[in-house]
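Coordinate analysis (summary)
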Amino acid sequence: MAETPNDFHATKNTIGGPDDGLQVDPGQETQTLKFYFTPRVGLAGEVERLKSENPHAKSSTYLPDLADALKARFGDAIGEVTLYAGETTVYVDRASIREVCRALRMEMGFDYLSDMGTIDRFTEEDRFEVFYNLLNLKARQRLRLKVRVDEEDAVVPSVMSIWRAADWHEREAWDMMGITFDGHPDLRRLYMPEDFEYHPARKEFPTLGIPGSLPLPPNEPDGPLTMDPFARAHGDMPKQ
Amino acid sequence: MAAIPSNVPVAHAAAPGDDENLFTFWPRHNAAIYKALADKYTHIETPASGDGAASGDGSMGEPEVVTPDDKRRAEWREEHSATTDPLESSMILNLGPQHPATHGALRVVVQLDGETIERCLLDVGYLHRGIEKLAEVKTYQEFMPYTDRMDYMSPYSNNVAWCLAVEKLCGIEAPERAQWLRTIGCELARISSHLLWAGTMVMDAGALSVFLWTFKYREEIYSLFDEIAGARFTVSHSRIGGLAFDFSDTALAMIRAFCDDFERNLADWRKLLDRNRIWIDRNMGVGVVSYEDAIAEGYTGPSLRASGVEYDVRLFEPYLVYDKLDFDIPMRTEGDSLARYFVRVEEMQQSINIIRQCLDRLPSGPVRVDNAKAAYPSKDEVYYSMEGMIHDFMMTDTGVAPPKGAECYHAVESPKGELGFFLASDGTGSPWRVKMNTPSYSNLQGLESMMEGAMVGDTVVLIGSIDPVIGDSDK
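Quick caveat, the model's predicted, so the values are computed rather than measured.

Attention now goes to the overall build of chain B. Counting its secondary structure elements, chain B contains 19 helices and eight strands. Across the 475 residues that make up chain B, the buried fraction comes to 59%. Restricting the contact set of chain B to residue pairs at least 6 apart, pairs at least 24 apart contribute 69%. As presented, chain B carries roughly 18500 Å² of accessible surface, and 55% of it is formed by carbon and sulfur atoms.

Here is the structure:
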């Protein structure tokens, strides 16, 4: 296969685990370690096995009947139904999320909003996901709904009129991920300052922060602000 | 540029209208803060009166679930709306963030009419550490010690919650003995957390002696954790796939002795408080949350169970060995501050029962999965075999790697309520997204409406009664 060292490096990234055989650079006569250097991603059958054989799977989260009932009632508004670790996740169309939630709350007994959050899928279509963890306290069931929205139009109907507990969760989602909730009465920032311009939970926001976005106060009364506390890490080398 | 007089402390002297150059403290933020302070109702404004409301009309848009408390509050607002206050006699009071009674860096802004709280808003952004973002650049095992710092009053529960969530994501099952030991640790953490709550709550209400007593027993639990895990406060004892190491015989004996001693003392404290006239007057009927409201507001833990909602993750979705144990979930229906006290005190008694059962029925065996791809090898292997050392490095470097696209949510009943982790994997050794569902966050959210209509003197009691930890409400 690879003749030159350059070709070898070009193909290296596509090689996963030990199943791909021994990789020896033909230019080098060195001994290659036979340990698993990298975790094997997407091992065939692994996901399927974990879906059904997870030791932590609970009956309270496995609700295929409920997903079918939702499908029968809302038709196309209900998208894919996924299962992992015995947890049913129902994808709901954004336009009908409030209707679905209302039906779940008023008629199907899901009276408690346990958690709500966002996922940034970054490079995929419909970049953001908002998920709702709902609880049926009487029937001991736990259901997860998911809504996908695009980056260009990251607006989701607020469910605060159905579960008041969604208030801070929606504010947090706005603050950290930049998803707005249509109908939320008071969509202020929760953690970051009011005038902060970014949404830090997004994947493109650097872990060290954006230089100058939140400067540190001066060390002495009339001293300068520290505009970038991690200047060196951001590639700014001090002048010699 | 105007010359700054030398006698002016520049960073603090600036006021609106002064020379712009005086702003040296975060110029843009300063401007925003002054803009905010210019309006008396800034942080308390009703959404309808502000210009920044997203929905326009400012109302919640027809609340579809109306609880009895909603009706009470609506009537309250009707009575105390701005039109009935032509003299603008209402006052804004900032409590916190740095006051012992606000339990961490919690800022409570209340709008008062005389001694009555008309409106309350909370500011929880002071301790924002971006811990969810941090988790995305750590491996699963590396992040475990960070969970100690979330609800730092019960680090053991947080460790276990995190490890259980990762184990669910990867399909790992910890050995039997590890599960029993984890249960003991979690219940010790519950006692420790409730002890701190009891001490500070009674101190907030004006008595100091109980604080000293409970801290004596907290010290003993710290010594227990020192013997168990080698650390008194941030234990970091749980590992993915089991525990770091087994409990020593000394530790087990110490736990047994602690149970006996503590149970006697708990009974003594209850003799002091349960029928104490001052304590009851201070708490009874204060901060009442109805059954419907507790559900609608999303309270969790003892605050929820004090309102008669029987939701406890140990009962709802048994994890560890809770389905094999015989214990009660303490409940109250009054929903007031006193009910929350009773629920927590009785939970401590139940925890003692659980620990005793665990000690009696503790099976023998390993405390960590014997699979180098799922858990750390034991130190014997690491020090005396090359494979062990390599596996140790690999667990540290990449650790477990759940399949791409895997997502799960696992919750435990931490002392303060439901503590859950939603994990999403991209197939590497670091989580793609971690969303924490922390109990203090849910409870603090409810505090906003609980405070409306209460007296300002009850503020500290109300804050204390829901037992918030700000490290826990931070994401």
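There's plenty left to go through after this.
A few words on the overall build of chain A. If you tally the helices and strands in chain A, you get five helices and seven strands. In sequence order, chain A lays out its α and β elements as α-α-α-β-β-α-β-β-β-β-α-β. For chain A, with 240 residues in total, the buried portion stands at 45%. Considering only contacts in chain A between residues 6 or more positions apart, those separated by 24 or more positions represent 49%.

Quick look at the pattern of salt bridges now. Counting across every chain of the model gives 47 salt bridges over all chains. A single network of salt bridges, built from pairs that share partners, joins B:Glu187, B:Arg190, B:Arg305, B:Asp312, B:Arg314, B:Glu347 and B:Glu413.

With that settled, consider the packing of aromatic side chains. Residue and element names in this part refer to chain B. Counted according to the given criterion, the structure contains 24 aromatic pairs over all chains. Both rings, one in phenylalanine 143 and one in tyrosine 146, keep their centres 5.5 Å apart while their planes meet at 5°; by these two values the pair is stacked. In this pair, phenylalanine 143 and tyrosine 146 both sit in helix α5 (residues 140-148), three residues apart, roughly one turn of the helix. Residue class for phenylalanine 143 comes out buried when judged on its relative accessible area of 0%.

Between chain A and chain B, the contact holds 83 residues from the first and 88 residues from the second. Interface area for chain A against chain B, summed over the two sides, is near 7100 Å², with a carbon-plus-sulfur share of 56%. A salt bridge links B:Asp293 to A:Arg164; the nearest nitrogen and oxygen atoms lie 2.8 Å apart. Our count for the contact surface shared by chain A and chain B stands at 34 residue pairs in polar contact (both at pLDDT 80 or more). When residues of the side of chain A that touches chain B are traced back to their parent elements, those giving at least two are α2 (46-53), α4 (97-106), β3 (112-120), β4 (128-136), β5 (141-149) and α5 (166-177) of chain A. Ranked by the residues each element gives to the side of chain A that touches chain B, the list is headed by β3(A), at eight residues. Tallied by class, residues from the side of chain A that touches chain B come to 41 nonpolar, 17 polar and 25 charged.

With that settled, consider the sheet that holds strand β8 (residues 431-437) of chain B. All names here are of chain B. Here three strands make up an open sheet; going across it, the order is β6-β7-β8 and the pairing antiparallel. Each of the sheet's edge strands pairs with one partner strand only, and the pair in question is β6 (407-414) and β8. Neighbour-to-neighbour, the strand axes of this sheet turn through a mean angle of 15°, independent of strand direction. Helix-sheet contacts for α5 involve β7 (417-425) and β8, and the interaxial angle to β7 is about 155°.

Residue and element names in this part refer to chain A. Reading across from one edge, β1-β2-β5-β4-β3 is the order of the five strands in this open sheet, with mixed pairing throughout. Edge strands, defined here as strands with exactly one partner in the open sheet, are β1 (78-84) and β3. Across the sheet, the mean angle from the axis of one strand to that of its neighbour is 25°, orientation sign disregarded. Sheet topology note: the β4/β5 ladder contains nine bridges and is antiparallel. Bridging across to β5, asparagine 133 finds its partner in arginine 144. Contacts between helix α3 (residues 64-74) and the sheet are confined to β1, β2 (87-92) and β5, with β1 contributing the most and set at about 175° to the helix.

Another aspect to go through is the side chain of B:Ser449. Considering the arrangement of structural elements, one finds B:Ser449 in helix α17 (residues 439-450). Discounting residues that sit within four places of it in the chain, B:Ser449 has contacts with A:Arg164, B:Arg73 and B:Glu297.

Along the chain, A:Lys58 falls in the loop between α2 and α3. Filtering out sequence-adjacent residues up to four positions away, A:Lys58 remains in contact with A:Gly86, B:Glu317, B:Pro318, B:Tyr319 and B:His410.

Bringing α3(A) into the picture now. All names here are of chain A. Residues Leu66, Ala67, Leu70 and Phe74 constitute the buried set of α3. One side of α3 carries all its buried residues, which in axial view fall inside an arc of 100°. Among the exposed residues of α3, those oriented more than 90 degrees off its buried face are Asp65 and Ala72. Buried residues in α3 make contact with β1, β2, α4 and β5.

This brings us to α4(A). Given 3.6 residues to a turn, an α-helix orients residues that are three or four positions apart in the same direction. Every buried residue of α4(A) is accounted for by A:Ile97, A:Val100, A:Cys101, A:Ala103, A:Leu104 and A:Arg105. Elements in contact with the buried residues of α4(A): α3, β1, β2, β4, β5 and β6 (155-157) of chain A.

Attention now moves to unusual backbone geometry. Here the phi dihedral of A:Arg140 falls at roughly 55°; this positive angle occurs in a residue that is not glycine. By the element assignment, A:Arg140 lies in the loop between β4 and β5. In this structure, B:Asp467 takes a positive phi of about 55° despite not being glycine. As for its position among the elements, B:Asp467 is in the loop between α18 (459-465) and α19 (470-473). The buried category is assigned to B:Asp467, whose relative accessible area is 3%.

Ranked by internal contacts, the top residues of the largest apolar core, which has 168 residues, are A:Tyr132, A:Leu145, B:Trp162, B:Phe247, B:Ile255, B:Phe262 and B:Phe421. At 13 residues, helix α7 (residues 176-204) of chain B tops the list of elements feeding residues into this core. Apart from the residues within four sequence positions on either side, A:Leu145 is in contact with A:Val90, A:Val92, A:Ile97, A:Val100, A:Cys101, A:Leu104, A:Val130, A:Phe131, A:Tyr132 and A:Leu134.

Residues and elements named next belong to chain B. In this model, chain B carries an average pLDDT of 83, and 85% of its residues clear a pLDDT of 70 or more. Considering only residues more than four positions removed or in separate chains, one finds that residues 38-43, a stretch of pLDDT under 50, has 12 contacts. Residue range residues 45-60 is modelled with pLDDT below 50. Its contacts to residues more than four positions away, or to other chains, number 24 contacts. If you check the scores for this complex, the pTM reads 0.84 and the ipTM reads 0.84.

The next thing to look at is the environment of A:Ala231. Residue position: A:Ala231 is located in the segment after β7 (180-182). Of the residues examined, A:Ala231 reaches a relative accessible area of 23% and is grouped as partly exposed.

To continue, consider a nonpolar patch on the surface. Residue and element names in this part refer to chain B. On the surface, Met203, Leu208, Leu212, Trp213 and Leu272 cluster together into a nonpolar patch covering about 440 Å² of accessible area. Here methionine 203 is to be found in helix α7. The exposure class of methionine 203 is partly exposed, given its relative accessible area of 30%.

All names here are of chain B. It is the contact of α7 with helix α8 (residues 209-229), at a shortest axis distance of 8 Å, that shows an interaxial angle of 155°. Considering the angle they form, α7 stands roughly antiparallel to α8. Handedness of the α7/α8 crossing: left-handed.

Reading the values: rules and limits
- Residues numbered from 1 in each chain as written.
- Chains lettered and ligands numbered in written order.
- Predicted model: local features only at pLDDT ≥ 70, side-chain atom pairs only at ≥ 80, totals over all residues.
- Heavy atoms only, no water.
- Helix = DSSP H or I, 4+ residues; strand = E, 2+ residues; numbered from the N terminus.
- Buried < 20%, exposed > 50% of the residue type's maximum accessible area, 1.4 Å probe, protein only.
- Contact = heavy atoms within 4.5 Å.
- Areas by Shrake-Rupley, 256 points an atom, 1.4 Å probe, with all protein chains shown as cover.
- Salt bridge = Lys/Arg side-chain N within 4 Å of Asp/Glu carboxyl O.
- Phe/Tyr/Trp six-rings, centres within 6.5 Å; stacked < 30°, edge-to-face > 60°.
- Buried area = accessible area lost by both parts, 1.4 Å probe.
- Polar contact = N/O pair within 3.5 Å; in protein donor to acceptor, adjacent residues only side chain to side chain.
- Nonpolar A, V, L, I, M, F, W, Y, C, P; charged D, E, K, R; others polar.
- Pairing = 2+ DSSP bridges.
- Axes fitted to C-alpha atoms, helices over the stretch in contact; angles between N-to-C directions.
- Arc of directions from axis to C-beta.
- Core = buried A, V, L, I, M, F, W, Y, C linked by side-chain atoms within 4.5 Å.
- pLDDT = per-residue confidence, 0-100.
- Patch = residues over 30% accessible without salt bridge, like charges linked within 9 Å, V, L, I, M, F, W, Y side chains within 5 Å.
- Parallel < 35°, antiparallel > 145°, perpendicular 65-115°, else oblique.
- Left-handed = near helix turned anticlockwise from the far one by under 90°.

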